[in-house]
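What follows is the residue order along each chain.
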Amino acid sequence: YLDREGKAIIKILYLITSFDYGGAQKNLLELARRSSENGFDVAAAALKTGGVYEEKFKSAGIKTITLGVPSSCGNGYGFAGILLMPFYYIRAFAR
């Protein structure tokens, strides 16, 4: 999309299984910070709700989205979670 001055802004949505503590979350936070600092419109989405890194992303100015994939879908790791992802994505953005 274009900002107020007509400059093109590139949106990036990073997707991760959860905001729980882990190396992937730590590295994604750093990547999201640097992307934001370089002018990209950045958001991070997690399949599962909650986790210690969710607040760290918010503190860094990164928009966070939780899709709320339930445990019955293998905590978002299984094939069922992948098939249901569009449903949870739409539900998250319809709020």
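Presented here is an overview of the structure given in this document. (Residues numbered from 1 in each chain as written. Predicted model: local features only at pLDDT ≥ 70, side-chain atom pairs only at ≥ 80, totals over all residues. Heavy atoms only, no water.)

### Things to note about the pairing of strand 1 (residues 11–16)
- As paired elements, strand 1 and strand 2 (residues 41–46) share six bridges and run parallel to each other. Residue I16 lies in a different strand from strand 2, and its bridge partner there is A46.
- Crossover connection from strand 1 via helix 1 (residues 23–37) to parallel strand 2: handedness right-handed. (Pairing = 2+ DSSP bridges. Helix = DSSP H or I, 4+ residues; strand = E, 2+ residues; numbered from the N terminus. Right-handed = clockwise from strand over helix to strand, strands pointing away.)

### Here's the deal with helix 2 (residues 52–59)
- All of the buried residues in helix 2 are Y53, E54 and F57. Angular distribution of buried residues about the axis of helix 2 spans 110°; they occupy a single face of the element.
- The secondary structure elements touched by the buried residues of helix 2 are helix 1, strand 2 and strand 3 (63–66).
- A positive phi of about 85° marks G61, the residue just after helix 2. (Buried < 20%, exposed > 50% of the residue type's maximum accessible area, 1.4 Å probe, protein only. Arc of directions from axis to C-beta. Contact = heavy atoms within 4.5 Å.)

### Some remarks on the nonpolar core
- Core analysis: the largest hydrophobic core is formed by twelve residues, namely Y14, I16, F19, L28, L29, A32, V42, A44, A46, Y53, F57 and I62.
- Listed by contribution, the elements that provide at least two residues to this core are strand 1, helix 1, strand 2 and helix 2.
- Listed in part, the six residues of the second largest apolar core include A45, L47, L67 and V69. (Core = buried A, V, L, I, M, F, W, Y, C linked by side-chain atoms within 4.5 Å.)

### Things to note about the packing of aromatic side chains
- Counting across every chain of the model gives two aromatic pairs.
- Centroid distance F19 to F57: 5.2 Å. Interplanar angle 55°. Geometry classified as tilted. A residue pair is termed long-range when its members are at least 10 positions apart, and F19 in the loop between strand 1 and helix 1 and F57 in helix 2 qualify at 38 residues.
- Taking the relative accessible area as the measure of exposure, F57 reaches 0% and is therefore buried.
- The positively charged end of K56 is found above the aromatic ring belonging to Y53, 4.6 Å away from the centroid. (Phe/Tyr/Trp six-rings, centres within 6.5 Å; stacked < 30°, edge-to-face > 60°. Lys NZ or Arg CZ within 6 Å of the ring centre and 35° of its normal.)

### Points about the packing of helix 1 against helix 2
- Put simply, helix 1 and helix 2 touch, their axes get as near as 10 Å, and they point 10° apart. Taken as axis vectors, helix 1 and helix 2 run roughly parallel relative to one another. Here Q25, K26, L28, L29 and A32 of helix 1 come into contact with helix 2, specifically with Y53, K56 and F57.
- Split by residue class, the contact of helix 1 with helix 2 holds five nonpolar, one polar and two charged. (Axes fitted to C-alpha atoms, helices over the stretch in contact; angles between N-to-C directions. Parallel < 35°, antiparallel > 145°, perpendicular 65-115°, else oblique. Nonpolar A, V, L, I, M, F, W, Y, C, P; charged D, E, K, R; others polar.)

### Points about the sheet that holds strand 3
- Reading across the sheet, the three strands line up as 1-2-3 and stay open at both edges, with parallel pairing between neighbours. Looking at strand neighbours, the two that pair on one side only are strand 1 and strand 3, the edges of this open sheet. Across the sheet, the mean angle from the axis of one strand to that of its neighbour is 25°, orientation sign disregarded.
- Bridge count between strand 2 and strand 3: four bridges; the pairing is parallel.

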